[in-house]
Amino acid sequence: MVSRRAFLLGGAGVGAVAVAGGLGAALVEEDVLPGKVGFDRALGRCGSLPDAPRTPGVVQPQTFTSRRRGTDVTAVVVLPAGVRSLWHLPVVVALHGNGGSAVSAANGLRFDRYLTDVVRTRGVAPFAVVTVDGGPDAYWHRRASGEDPLGMITEELLPRLRRQGAATDRFGVFGWSMGGYGALLLAETAGAPRVAAAVASSPALFPSYDNARRTNHRAFDDAADFARNDVFAGLDRLKGVPVRVDCGTSDPFAPMTRRLRKRLRPEGAMSGGCHDGAFWQRQLPDQLTFLGRHLR
């Protein structure tokens, strides 16, 4: 059987799921046995990757040296078709998932095509989506090493975008998986009115440090680090920030996302899907519309 950790690291395959007989199937259905995600995928509950809108937007990578991260960082500025610069545009900062990067985030979710379509068909004024390297497994918070990806966003990336003409006094934040957790943490850290809106798609939230360590031992340095950066402990700091949270019902993080939604009462929903690009792309039109409307 496939462990949840193996799935989250991309190792789950349908053929690896061993469920025998009606009782085994019933236990998997109730999420008692590991391998539920693989089982749901075999049953077609994850859904397929949607066709992205056809019209590409503008994709502009740029690199800068980050003191907060201690390395060179790539940011990718994504603009809707027909827009050539950041001049006077509001910005949404997009935070990638575990193992990702700015380039993989911009390319993988086809941000330019979805952003173009939302601006053209949903009455949303143009805005920019900017993806940025937060480190493949830094988990979007200050680490014992001194690496500080959120500080890189607020103290380096946003001032850099402002110098290029962007309107960054208020900004939106978006993320999925590890980045969904990071989006919530950044929104709590910056707060209203600086954060115009926040979207967390399938946020990678853990009930305890021990659970986080078993699932992804690189996510937090120790129990104290987990406690300092527990988004549940900081939910009061989201007062005044419009928040949307979406998650698939076949996602390993669905139980914690339900707990979050019960506490926070955000927009969005639990709906059919898994922890994958197919689910995330299906949500993008509504999520980008939500962000664009609050940016203005």
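What counts and how
Residues numbered from 1 in each chain as written. Predicted model: local features only at pLDDT ≥ 70, side-chain atom pairs only at ≥ 80, totals over all residues. Heavy atoms only, no water. Helix = DSSP H or I, 4+ residues; strand = E, 2+ residues; numbered from the N terminus. Buried < 20%, exposed > 50% of the residue type's maximum accessible area, 1.4 Å probe, protein only. Contact = heavy atoms within 4.5 Å. Areas by Shrake-Rupley, 256 points an atom, 1.4 Å probe, with all protein chains shown as cover. Axes fitted to C-alpha atoms, helices over the stretch in contact; angles between N-to-C directions. Parallel < 35°, antiparallel > 145°, perpendicular 65-115°, else oblique. Left-handed = near helix turned anticlockwise from the far one by under 90°. Nonpolar A, V, L, I, M, F, W, Y, C, P; charged D, E, K, R; others polar. Pairing = 2+ DSSP bridges.

**Student:** Before we go on, may I ask you to explain the overall build of the protein in this structure?
**Tutor:** Tallying secondary structure elements over the protein gives 11 helices and 8 strands in all. Within the protein, the fraction of its 296 residues that count as buried is 54%. Restricting to contacts in the protein with at least 6 residues of sequence separation, those with at least 24 account for 71%. Working note: accessible area of the protein is about 12,700 Å², and carbon and sulfur atoms make up 49% of it.

**Student:** Help me understand the packing of helix 5 (residues 111-121) against helix 11 (residues 277-295), please; the structure alone is not making it clear to me.
**Tutor:** Helix-helix packing is described using two parameters, namely the angle between the two axes and the distance between the axes. Running from N to C, helix 5 and helix 11 cross one another at 45°; their axes reach a closest spacing of 9 Å. Here helix 5 lies oblique to helix 11, going by the angle between them. You can see that helix 5 and helix 11 cross each other, and the crossing is right-handed. Residues F111, Y114, L115 and V118 of helix 5 touch helix 11, and the partners they reach there are Q281, L284, P285, L288 and T289. Classifying every residue of the contact of helix 5 with helix 11 gives 7 nonpolar, 2 polar and no charged.

**Student:** What should I look at first to understand the pairing of strand 3 (residues 90-95) in this one?
**Tutor:** Along strand 3, 6 of the 6 residues are buried, which leaves the element largely enclosed by surrounding structure. Here strand 3 shows a buried face lined by P90, V92 and A94 and a second buried face lined by V91, V93 and L95. When strand 3 meets strand 5 (residues 167-176), the two strands line up parallel, connected through 6 bridges. Looking at the pairing, V92 lines up with G172 of strand 5. Alignment of strand 3 against strand 4 (residues 128-132), held across 5 bridges, turns out to be parallel. Within strand 4, the position partnered with V92 by the bridge is V129.

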